[in-house]
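# Structure assessment
Here is what each chain is made of, one letter per residue.
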Amino acid sequence: MNEPDLWKYSLTPGNGETNLKEYIALATQGRVKENSYPFIVYDKRFNTFAGSTRFYDFHQNHQTVSLGYTWYGKDFHGTGLNKNCKFLMLQFAFEHMKVQRVEFRADNNNKRSIAAMRSIGCTEEGILRSNCATADGRRDSIVFSILKYEWFSRVKRELIKKL
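An account of the accompanying structure is given in this report. It should be emphasised that the depicted structure is a prediction, and the values quoted were computed from it without experimental measurement.

## Here's the deal with the nonpolar core
- Counting residues in hydrophobic clusters, the biggest one holds 30 residues, and the most contacted among them are Leu90, Val102, Phe104, Ile146 and Trp151.
- Every element with two or more residues in this core is listed here: strand S1 (36-43), strand S2 (48-59), strand S3 (64-72), helix H2 (81-95), strand S4 (101-107), helix H3 (111-119), strand S6 (137-147) and helix H4 (148-162).
- Looking at which element gives the most residues to this core, the answer is H2, with 7 residues.

Here you go:
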């Protein structure tokens with residue numbers, strides 16, 4: 001709420017009290033519908049809330065889920081918290097939810113998010129051109145994924161080394 005530039009690339013901005021309340025309401029509505037599973041991220045080292053992330057677009061019949069809507073306060077950027085959180089979420093998705101694919105998307109101009117996705121072992125799939133409306137017009141979205149066999153053969157091991 002107090003760091004409006006965190007929401008520069010977000011399709012659902014949480015800057016300001018009204019927007020943040022709407023953001024939280026949408027996240028919890030998705031949980032009620034069982035197609036979105038939002039999480040508050042709490043940093044135990046600093047005993048404070050760091051941000052939020054979620055599973056969304058869960059399709060049990062296709063064994064797929066997306067991971068995103070992730071944001072952390074600036075004090076938590078570069079601390080490894082996101083990498084640890086993503087490891088736990090990916091482990092849960094592949095080893096407990098039994099999904100075959102986890103998808104990630106970001107604004108193609110969001111270099112920080114793109115670097116984070118690459119750093120956890122995601123494979124770039126391509127660009128969806130002009131696929132989302134934004135406050136400023138349209139955006140291109142970059143799509144990444146991790147497949148089940150990649151998780152067990154490579155990604156999990158490489159992420160553990162980085163933690």
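## Brief notes about a nonpolar patch on the surface
- There is a patch of nonpolar side chains on the surface, built from Ile40, Tyr42 and Phe49 and spanning about 360 Å² of accessible area.
- With respect to the secondary-structure elements, Ile40 resides in strand S1.

## What to know about the environment of Tyr42
- Looking at the secondary structure, you find Tyr42 in strand S1.
- On the accessibility criterion, Tyr42 (38% relative accessible area) is partly exposed.
- Tyr42 sits 39 residues away from Leu81 along the chain, and the two C-alpha atoms are 9.4 Å apart.
- Polar contacts involving the side chain of Tyr42 include one to the main-chain carbonyl oxygen of Asn47, which spans 3.2 Å.

## Some details on helix H1 (residues 17-32)
- The terminal C-alpha atoms of H1 lie 23 Å apart, and with 16 residues this matches the ideal 22 Å at 1.5 Å per residue to within 8%.
- Buried residues of H1: Leu20, Tyr23, Ala27 and Gly30, and no others. Along the axis of H1, the buried positions cluster into a sector of 90 degrees, meaning they face one direction only. Away from its buried face by more than 90 degrees, H1 exposes Thr18, Lys21 and Val32.

Criteria and thresholds
- Residues numbered from 1 in each chain as written.
- Predicted model: local features only at pLDDT ≥ 70, side-chain atom pairs only at ≥ 80, totals over all residues.
- Heavy atoms only, no water.
- Core = buried A, V, L, I, M, F, W, Y, C linked by side-chain atoms within 4.5 Å.
- Buried < 20%, exposed > 50% of the residue type's maximum accessible area, 1.4 Å probe, protein only.
- Helix = DSSP H or I, 4+ residues; strand = E, 2+ residues; numbered from the N terminus.
- Patch = residues over 30% accessible without salt bridge, like charges linked within 9 Å, V, L, I, M, F, W, Y side chains within 5 Å.
- Areas by Shrake-Rupley, 256 points an atom, 1.4 Å probe, with all protein chains shown as cover.
- Salt bridge = Lys/Arg side-chain N within 4 Å of Asp/Glu carboxyl O.
- Polar contact = N/O pair within 3.5 Å; in protein donor to acceptor, adjacent residues only side chain to side chain.
- Expected span 1.5 Å × (residues − 1).
- Arc of directions from axis to C-beta.

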